[in-house]
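Each chain, written out:
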Amino acid sequence: ATTSDVVEEERDVVVIGSGFAGLSCASLLSAAGMDVLVCESHYELGGCAHEFCYRQDGTPVPSDKVDEGERVFRFESGPSLYSGLSWTDGSPNPLKHVYQMIGEEPEW
């Protein structure tokens, strides 16, 4: 990038990585009123718990680039992490605690 390509933005916090830790940290800081920027080098968010999509010819495709009705192979790499997210009280899942702290619920 050249100097003319660089856009300067001032943020309170920059979080590197959009895995569970990065997104949890960013959401808690944002809920506390901080201006947060999350940077991710991969084409999918979620770190080790994101979805992988491959076209039938074996080429990878970002999930947001899959055309409606297109037949692809989808792989979820972290479904066991969802256990306990639908509990209303006493969930052992630390991610559920983050949702509760920011006043949100996961979308199913």
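Residues numbered from 1 in each chain as written. Predicted model: local features only at pLDDT ≥ 70, side-chain atom pairs only at ≥ 80, totals over all residues. Heavy atoms only, no water.

Caption draft 1: Layout of the overall build of the chain. When its secondary structure is counted, the chain shows two helices and four strands. When the helices and strands of the chain are listed from N to C terminus, the series reads β-α-β-β-β-α. In terms of overall dimensions, the chain is more spread out than a globule: its C-alpha atoms have a radius of gyration of 17 Å, far above the 13 Å expected for 108 residues. By its C-alpha atoms, the chain is 45 × 45 × 20 Å across when sized along the principal axes. Considering the chain as a whole, with its 108 residues, one finds that 24% of them fall into the buried category. Looking at the chain alone, contacts between residues at least 24 apart form 31% of all its contacts between residues at least 6 apart. Of the roughly 7900 Å² that the chain leaves accessible, carbon and sulfur atoms contribute 54%. When the 6 basic and 19 acidic side-chain charges of the chain are each reduced to a single mean position, those positions are 9 Å apart. (Helix = DSSP H or I, 4+ residues; strand = E, 2+ residues; numbered from the N terminus. Rg over C-alpha atoms; globule rule 2.2 N^0.38 Å. Buried < 20%, exposed > 50% of the residue type's maximum accessible area, 1.4 Å probe, protein only. Contact = heavy atoms within 4.5 Å. Areas by Shrake-Rupley, 256 points an atom, 1.4 Å probe, with all protein chains shown as cover. Lys, Arg positive; Asp, Glu negative; His and termini not counted. Charge placed at Lys NZ, Arg CZ, Asp CG, Glu CD.)

Caption draft 2: Focus on the packing of aromatic side chains. According to the stated counting rule, one finds one aromatic pair in the structure shown. Look at tyrosine 54 and phenylalanine 75: their rings are 6.3 Å apart centre to centre, the planes differ by 70°, and that puts the pair in the edge-to-face class. Taken together, the residues span a long stretch of sequence, with tyrosine 54 in strand 3 (residues 51-55) and phenylalanine 75 in strand 4 (residues 72-76) at a distance of 21 residues. The partly exposed category is assigned to tyrosine 54, whose relative accessible area is 32%. (Phe/Tyr/Trp six-rings, centres within 6.5 Å; stacked < 30°, edge-to-face > 60°.)

Caption draft 3: Representation of the pattern of salt bridges. Throughout the structure, instances matching the rule amount to four salt bridges. Ionic pairing is found between glutamate 9 and arginine 11, a salt bridge with its closest N-O pair at 2.4 Å. (Salt bridge = Lys/Arg side-chain N within 4 Å of Asp/Glu carboxyl O.)

Caption draft 4: Representation of the packing of helix 1 (residues 20-31) against helix 2 (residues 94-102) within the structure. Taken N-terminus to C-terminus, the directions of helix 1 and helix 2 make an angle of 15°; their axes are 9 Å apart at the nearest point. Here helix 2 runs roughly parallel to helix 1, going by the angle between their axes. With respect to the hand of their crossing, helix 1 and helix 2 are arranged in left-handed fashion. Contacts between helix 1 and helix 2 involve Phe20, Ser24, Ser27, Leu28 and Ala31 from the first element and Leu95, Val98, Met101 and Ile102 from the second. Split into classes, the residues belonging to the contact of helix 1 with helix 2 amount to seven nonpolar, two polar and no charged. (Axes fitted to C-alpha atoms, helices over the stretch in contact; angles between N-to-C directions. Parallel < 35°, antiparallel > 145°, perpendicular 65-115°, else oblique. Left-handed = near helix turned anticlockwise from the far one by under 90°. Nonpolar A, V, L, I, M, F, W, Y, C, P; charged D, E, K, R; others polar.)

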